[in-house]
Amino acid sequence: RFMTASGETLPDGWKETQGEGLAKIYKINSGNIDDQNSIMIDDKYDYKKSVVRREFPAQTKKMVGEVRFIADPKATGFSFSLNSGTTFAIRVYARNRGFYTTNSQQIYNKYVDNVWYYLKFVADVETQTADIYLNYKLVAEDVPFANRVKSIDNISVETGRKEKTT
């Protein structure tokens, strides 16, 4: 939640690691106070990406990562991932109007534009697998990590590039 964020600066602990100032905080019209501030990545380029990352103390056992997002009709290839440094362990990305895991397993087809989605990772570093929930429903179980990691220490949101997936 970004309740302490103001103006166009990212909240404490979040940083844009790639991009050219494309990530901003903005207010949305919502009756729910928890939904008032969101990060928006205005990906105006079709040849490069923007990455927003939040670091946290390294986790070596089971951990949970959650994001809520709006599927934008112009977006393709955007992704959310749990990482160890710059090496991603588990990732969910959008392609062809569906959501996929790091092993290209489709977990949702035909997402709807401009609708809020809730994504939850339950990642287990010891077993190198994750369970993935979409809108509170288990959609993929024991998904193997894409890369072997000793810990997870950040979550990232990445925009796509035209005609490419992330």
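All values reported here derive from a predicted model rather than from experimental measurement.

Basis of the calculations
Throughout, a residue's number is its position along its own chain's written sequence, starting from 1. Where local features are concerned, this predicted model is filtered to residues with pLDDT of at least 70; where side-chain atom pairs are given and counted, the filter is 80 or more; whole-chain, interface and lining totals use all residues. Side-chain measures were taken over the full set of non-hydrogen atoms in the model, leaving aside hydrogen atoms and water. The helix count covers DSSP runs of H or I at least four residues long, the strand count covers runs of E at least two residues long, and both are numbered beginning at the N terminus. Throughout this description, buried means an accessible area under 20% of the type-specific maximum (1.4 Å probe, protein chains only), exposed means over 50%, and partly exposed covers the range between. Contacts are assigned to residue pairs that have any heavy atoms within 4.5 Å of one another. In short, Shrake-Rupley with a 1.4 Å probe defines the accessible areas, and a residue's cover is counted only from the protein chains shown. By definition, two strands form a pair when at least two bridges between them are found by DSSP. Interaxial angle, 0 to 180 degrees, is taken between N-to-C directions of lines fitted to C-alpha atoms, where a helix line uses only the stretch in contact. By nonpolar core is meant a set of buried Ala, Val, Leu, Ile, Met, Phe, Trp, Tyr and Cys residues that side-chain atoms within 4.5 Å join together. In protein, a polar contact requires one atom able to donate a hydrogen and another able to accept it; more generally it is a pair of N or O atoms within 3.5 Å, and residues adjacent in sequence count only if both atoms are side-chain atoms.

J.: It is not clear to me how the overall build of the protein should be interpreted in this structure. Could you clarify?
T.: Broken down by element type, the protein carries zero helices and 13 strands. Across the 166 residues of the protein, 42% fall into the buried class. A separation threshold of at least 6 residues defines the contact pool for the protein, and within that pool the share at least 24 residues apart is 58%. With an accessible surface of roughly 9200 Å², the protein has 45% of that area assigned to carbon and sulfur atoms.

J.: Just to check I follow, could you spell out the sheet that holds strand 11 (residues 129-134) for this structure?
T.: Neighbouring strands of a sheet are bound in pairs by backbone hydrogen bonds; such pairs are parallel or else antiparallel. Spatially, the four strands line up as an open sheet ordered 5-10-11-12, and their pairing is antiparallel. Each end of this open sheet is capped by a strand with a single partner; those strands are strand 5 (62-70) and strand 12 (137-144). With strand direction ignored, the average angle separating the axes of adjacent strands in the sheet is 15°. In this sheet, strand 12 lies alongside strand 11 in antiparallel orientation, the contact comprising five bridges.

J.: Got a minute to help me understand the nonpolar core in this structure?
T.: Across soluble globular proteins, nonpolar side chains show a tendency to be buried alongside one another. Within the largest apolar cluster, 30 residues are counted, with the highest numbers of intra-cluster contacts made by Phe99, Leu119, Ile132 and Ile152. Residue assignment for this core shows that the elements contributing at least two residues are strand 5, strand 6 (79-84), strand 7 (87-95), strand 10 (116-124), strand 11, strand 12 and strand 13 (152-158). Ile152 has contacts with Phe56, Pro57, Ala58, Gln59, Met63, Leu82, Asn83, Ala89, Ala123, Val125 and Phe145, leaving out every residue within four places of it along the chain.

J.: What's the story with the side chain of Gln128 in this structure? I'm lost.
T.: Along the chain, Gln128 falls in the loop between strand 10 and strand 11. The buried category is assigned to Gln128, whose relative accessible area is 9%. At 2.9 Å, the side chain of Gln128 and the backbone oxygen of Val149 are in polar contact. For Gln128, the contacting residues outside a window of four places in its chain are Val143, Pro144, Phe145, Asn147, Arg148 and Val149.

J.: What's the story with the environment of Ala94 in this structure? I'm lost.
T.: Mapped onto the elements of the fold, Ala94 is located in strand 7. Since its relative accessible area comes to 1%, Ala94 is described here as buried. Taking C-alpha positions, Ala94 is 9.4 Å from Tyr108, a pair spaced 14 residues apart along the chain.

J.: Explain the environment of Asn83 here, please?
T.: Structurally, the position occupied by Asn83 is in strand 6. Those residues in contact with Asn83 that sit more than four places away from it in its chain are Arg53, Phe88, Ala89, Ser151, Ile152, Asp153, Asn154, Ile155 and Ser156. Among the polar contacts listed, one links the side chain of Asn83 to the side chain of Ser81, at a separation of 3.0 Å. There is a polar contact of 2.7 Å between the side chain of Asn83 and the side chain of Asn154.

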